[in-house]
Amino acid sequence: MKVKNHRIDSIWHKQSSNLSAGTIAPRLIVTHYTTGWSGTGSRDWLLGAAGGSDNTGTSAHVVIDRDGTAWQIAPFNRKAWHAGKSRYGSLSGLNAHSIGLEFVNPGWLKPAGDGQWIDYYGTKKTTAQLEQFGGFVLQPHSTVGSGTFAWPLFTNAQIAIGLEIARAIIAKYDIRAVVTHEEIDTRGWKTDPGPAFPQSTFVDLLNPGADQEGDPRYTVNTTRLNIRGGPGVEHDQVDPPGYLPLGTVVSVLRRSGNWAFVEVAETSGQPDAPEIGVRGWVHGGYLDMDFGD
Ligand SMILES: [Zn+2]
């Protein structure tokens, strides 16, 4: 797969009616689920009038169905409407900076108490129906509510094609991060693509050593960020310096889950600033990507 003229060369195309005028230079890939059971249904909805639907508020760049069929519904240099109010690092309003990939999946279902589950739209499904759809994981999520919810799995075919598309995009554009809709949503509403989605596999496409150009820098966004000998709070702090003060600039050398192995690249000039070159693990949630603009 290759991107030619802002389109993946080997998949179905049609242009959504729900795009902003002008062009964008994508820096991020945002992963989503469709909150739906039907691939063609979501595709036609996100195409807006071009798909025969009355949706005038949302779109995306690619919709990826459960059998591995992918539909491109916006050129990658056009601003689609998938991210909503959003922020990542020094960028906000991410529709203007990102490519949205929608994976067909209904998202969470709440337990109905009688061996059944209720989806986002209030439709009941039995456990057997969920198993037939491809299985699910049980996970809590504070945004959905208290307790545990069923999250239908994504299919291998769907993930394989999604990875191919993401790789082709990364080969063509200056993509700095692959992020979930949940992590960029500034209103705290979004839960997609959820705990059943293998986000770390997509994030790993950008790991140093993969084939990334450049060396993205990150800035510590909390007063004191503990720096540790391993990826988890059970690991001792690297001491000195013990922690990285607000404003410290680091390079990320690799990642493990939510943790990042970093090297101090610039210091903030405070008296407690660590030495340049110090290495250790920090929680990635306290690093803001520095886009230099
Ligand atoms: Zn989303």
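Residues numbered from 1 in each chain as written. Predicted model: local features only at pLDDT ≥ 70, side-chain atom pairs only at ≥ 80, totals over all residues. Heavy atoms only, no water.

Asks: I tried to follow the nonpolar core on my own but got confused; where do I start?
Replies: Within soluble globular proteins, side chains that are nonpolar generally end up buried alongside one another. Among the nonpolar cores identified, the biggest contains 33 residues, and Ile165, Ile169 and Phe202 are the most heavily contacted of them. Looking at which domains feed residues into this core, each of domain 1 (3–105 + 155–206) and domain 2 (110–152) supplies at least three. With near-sequence residues (within four places) excluded, Ile165 lies in contact with Met1, Ile8, Val62, Ile64, Ala70 and Leu101. Leu28, Tyr218, Leu244 and Val262 belong to the second-largest nonpolar core, a separate cluster that totals 24 residues. (Core = buried A, V, L, I, M, F, W, Y, C linked by side-chain atoms within 4.5 Å. Buried < 20%, exposed > 50% of the residue type's maximum accessible area, 1.4 Å probe, protein only. Domains from an automatic or database assignment. Contact = heavy atoms within 4.5 Å.)

Asks: Even after reading the chapter, I still don't get the coordination of the zinc ion, so can you show me in this structure?
Replies: Ideal geometry at a metal centre: 109.5 degrees between donors when four sit tetrahedrally, and 90 or 180 degrees when six sit octahedrally. For the zinc ion, the full set of protein donor atoms is His32 (ND1), His181 (ND1) and Asp192 (OD), at a range of 2.0 to 2.1 Å. Relative accessible area serves as the criterion here: at 5%, Asp192 is assigned to the buried category. (Donors = N, O, S within 2.8 Å, 3.2 Å for Na, K, Ca; no water.)

Asks: Help me understand the pairing of strand S14 (residues 145–152) in this model?
Replies: Within a regular beta strand, the side chains point alternately toward one face of the sheet and then the other, so they alternate between its two faces. As judged from the six bridges shared by strand S13 (residues 136–141) and S14, these two strands associate in the antiparallel manner. Bridge pairing in S14 places Phe136 opposite Pro152. (Pairing = 2+ DSSP bridges. Helix = DSSP H or I, 4+ residues; strand = E, 2+ residues; numbered from the N terminus.)

Asks: For this particular structure, what's the right way to read helix H3 (residues 156–172)?
Replies: Note on helix geometry: an α-helix contains 3.6 residues per turn, so any two residues three or four positions apart are oriented the same way. For H3, spanning 17 residues, the distance from its first C-alpha to its last is 25 Å, which sits close to the expected 24 Å at 1.5 Å a residue. Of the positions making up H3, those classed as buried are Gln158, Ile159, Ile161, Gly162, Leu163, Ile165, Ala166, Ala168, Ile169 and Ile170. (Expected span 1.5 Å × (residues − 1).)

Asks: I'm lost on the pattern of salt bridges in this one. Help?
Replies: Two side chains that carry opposite charge are able to pair once their charged atoms sit near each other. Summed over the entire model, instances satisfying the criterion amount to seven salt bridges. Two residues, Arg43 and Asp44, come together in a salt bridge whose shortest N-O distance is 2.9 Å. Relative accessible area serves as the criterion here: at 13%, Arg43 is assigned to the buried category. A residue is classified by how much of its surface remains accessible, and Asp44, at 24% relative accessible area, is partly exposed. The partner of Lys124 in a salt bridge is Asp114, and the shortest N-O contact between them spans 3.5 Å. A residue pair is termed long-range when its members are at least 10 positions apart, and Lys124 in strand S12 (residues 124–126) and Asp114 in the loop between strand S10 (110–111) and strand S11 (116–118) qualify at 10 residues. (Salt bridge = Lys/Arg side-chain N within 4 Å of Asp/Glu carboxyl O.)

Asks: How should I be thinking about the domain arrangement of the protein chain in this particular structure?
Replies: How big an interface is tends to be stated in terms of accessible area lost as the parts join. Assigned domains of the protein chain: these are domain 1 (3–105 + 155–206), domain 2 (110–152) and domain 3 (217–290). Here the C-alpha centroids of domain 2 and domain 3 sit 38 Å apart.

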